[in-house]
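Fold and contact review
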Amino acid sequence: MKYMPYIDTILVKTQFLVYHNQFLNQLGVVKVMIYDLMKHHFDYHNYSGLNRDLPAEATSAEKAAVNEIMELDAALREFQIKMAAAYARIRIERKASGSTSKEQMENVLPETVRQKEYIAVDMPKCLRINRFKTTREDILRELEEGRSTSSFRTDVIVDPDFEDLLVVSPDHFNEIKASRAVTEGRLIVEDKTSFWLPQYVRSLIPSVQVDSQDVQVLDARAGCGVKALHLASVLNRTGKVLACESRPGRIESLKNNREVQGCRNLEIFDSDFTSLSGDDPRFAEVSIVIVEPLNSGTGILDKLGYLLQEEEFPNEQYTQKDLWALHKQQLATVKHAFSFPNVQHVIYVTRSVNAEENENVVQETLEAIGDAWELGCVLPEVPIMRNEEYELEECLKIIPTEATGNGIFIASFQLVPPAPEEPTEAELDSAQVTEKPRRRKRKPHQRQKGEHFQPRLPKALAASVERLSAPRGLPVRALGSPVTSDEQLVDVGDLANSEESLTGRPKVPQAEPGSRSPKVAPRRASSYEKAIGVMGISLTSFYAPRDAAMRKLGAEFRQGLSEPRSIFPVPNPRPWK
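This write-up is about the structure you can find in this document.

Definitions and limits used
Residues numbered from 1 in each chain as written. Predicted model: local features only at pLDDT ≥ 70, side-chain atom pairs only at ≥ 80, totals over all residues. Heavy atoms only, no water. Helix = DSSP H or I, 4+ residues; strand = E, 2+ residues; numbered from the N terminus. Buried < 20%, exposed > 50% of the residue type's maximum accessible area, 1.4 Å probe, protein only. Contact = heavy atoms within 4.5 Å. Pairing = 2+ DSSP bridges. Axes fitted to C-alpha atoms, helices over the stretch in contact; angles between N-to-C directions.

A positive phi angle, close to 55°, is found at His-41, a residue other than glycine. Tracing the backbone shows His-41 in the loop between helix 3 (27-38) and helix 4 (60-78). Positive phi, normally seen in glycine, also occurs at Glu-311, with a value near 60°. Looking at the element boundaries, Glu-311 is found in the loop between helix 15 (303-310) and helix 16 (320-336).

So this is what it looks like as structure tokens:
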């Protein structure tokens, strides 16, 4: 996944999908094979090739799949020189030197990505004990009996901050991950950073529970259910979790994980969160809403571990326009959480370190919801270091490092308590002065030379700057209005050229001077856009080479996509520099 932008560049520059349009529906296989060839600089003399041997009991469908792979391999051989040249240009632009092909391929990646990988290799892995099925003593005894070495006490330890968290050395993680304790749901792969949110929700239960009634927590974007199932374990006998998810693949994983882990207080809603109505009686008793919308995932170091946990791979390649698009979507989602009648706490969570997705969203939300809500201090007993002046003291922001692991940002909006009646003088003398909880004092931020602080702009000026800075072609939506499933941030069908298709940015006609900007009509999402997603981007970026090839082949070809045709391609409209 980290090489995806460079694979897309090779596909577009060589126009492979234009010449061989029969592989448009097998784009995933095409990218995997190109990645495999990149390891050898597209030199088939050093490439071991594919094994086409099949067992005797192979079905006709399996034989047909092998034939398609062999046909694709032959087509890639025809483009060997073009792809090798395109890949060489990428290495030159990235200044990727090295003594071996593997070293050169690694140096193509940005320095920040490589540094995160070096840290992630030695990071300890974490497992959560499933309280629905076992206890800490039982699972430790089971793991110790199943170990083949005597170093169990040093390889597996209980985290000092969370009693349900086991920390495993990376050398022995694969052995435990393949054990029955994990496959049967007694242990769940979950990083330590994911424990802070359930810990905070546990601290809110006494304040929202009335007369021993069940506490209802709404998870706006449940994914495969790691966060929702952890919350259900925390609530257990004091409430239940309502999980919203609209992606078919994630719903299937969510239901399967609920069954494997033995959870009984989790209810699943096959619906997009922004399409839910606050007047729906099913959500009348919801008191806590957790919003973790799509974000860039820049706070995640251990990407493979996060892939095992959430079934999503964090994307490292993003631009400022991508952040603005995510910012708008996040802002609309978190504002929709305030439409439920009895909600008392709205918790906003991201796995990003960018201010556009964290502090800016919180500040604009506070301006939009009025004086009835305020920021609550998230886990004030957890001391963290303040790195920037714009960071909010009430929010919990953990920066990803080798010591802390993956990063996270948590902000909590809570109702302002009603003002008490004016006490008498006698009550004032006897009353104890209580203060709002505050976080432990953190070290002040020492501004480095050349570092500039960006001041907070007035609301009117900030709105003007946002409007001028937003990427063109995005649907103009009223502030606070929900994002419908029929509206997309990117319009694939109107991309201007091959270069723009790699960034997923639409191009709209410019308005005449003095006239109003043209409106962008909402478009129903393509099937692949609704299926699954990569964290930080949609599959619009993944299918950008396919869309670029389809535009060159013309509108007539789109209607018969499933039927392979051979059409003479159009030359590349924008050559290399």
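Here we take up the environment of Cys-126. Position of Cys-126 relative to the elements: it lies in strand 1 (residues 125-129). What makes Cys-126 buried here is its relative accessible area of 13%. Placed 65 residues apart in sequence, Cys-126 and Asp-191 show a C-alpha to C-alpha distance of 5.1 Å. Those residues in contact with Cys-126 that lie beyond four places of it in its chain are Leu-165, Leu-166, Ile-188, Val-189, Glu-190, Asp-191 and Lys-192.

A few words on the sheet that holds strand 2 (residues 156-158). Spatially, 4 strands are ordered 2-3-1-4 in an open sheet, and the strand pairing comes out antiparallel. Of all the strands in the sheet, the pair left with one neighbour each is strand 2 and strand 4 (187-189). Across the sheet, the axes of successive neighbouring strands diverge by a mean angle of 35°, strand direction being ignored. Sheet analysis places strand 1 next to strand 3 (residues 165-168), joined by 4 bridges and oriented antiparallel. Within strand 3, the position partnered with Arg-128 by the bridge is Leu-165.

Relative to the assigned elements, Thr-365 resides in helix 17 (residues 359-369). Thr-365 sits in the buried class, given a relative accessible area of 0%.

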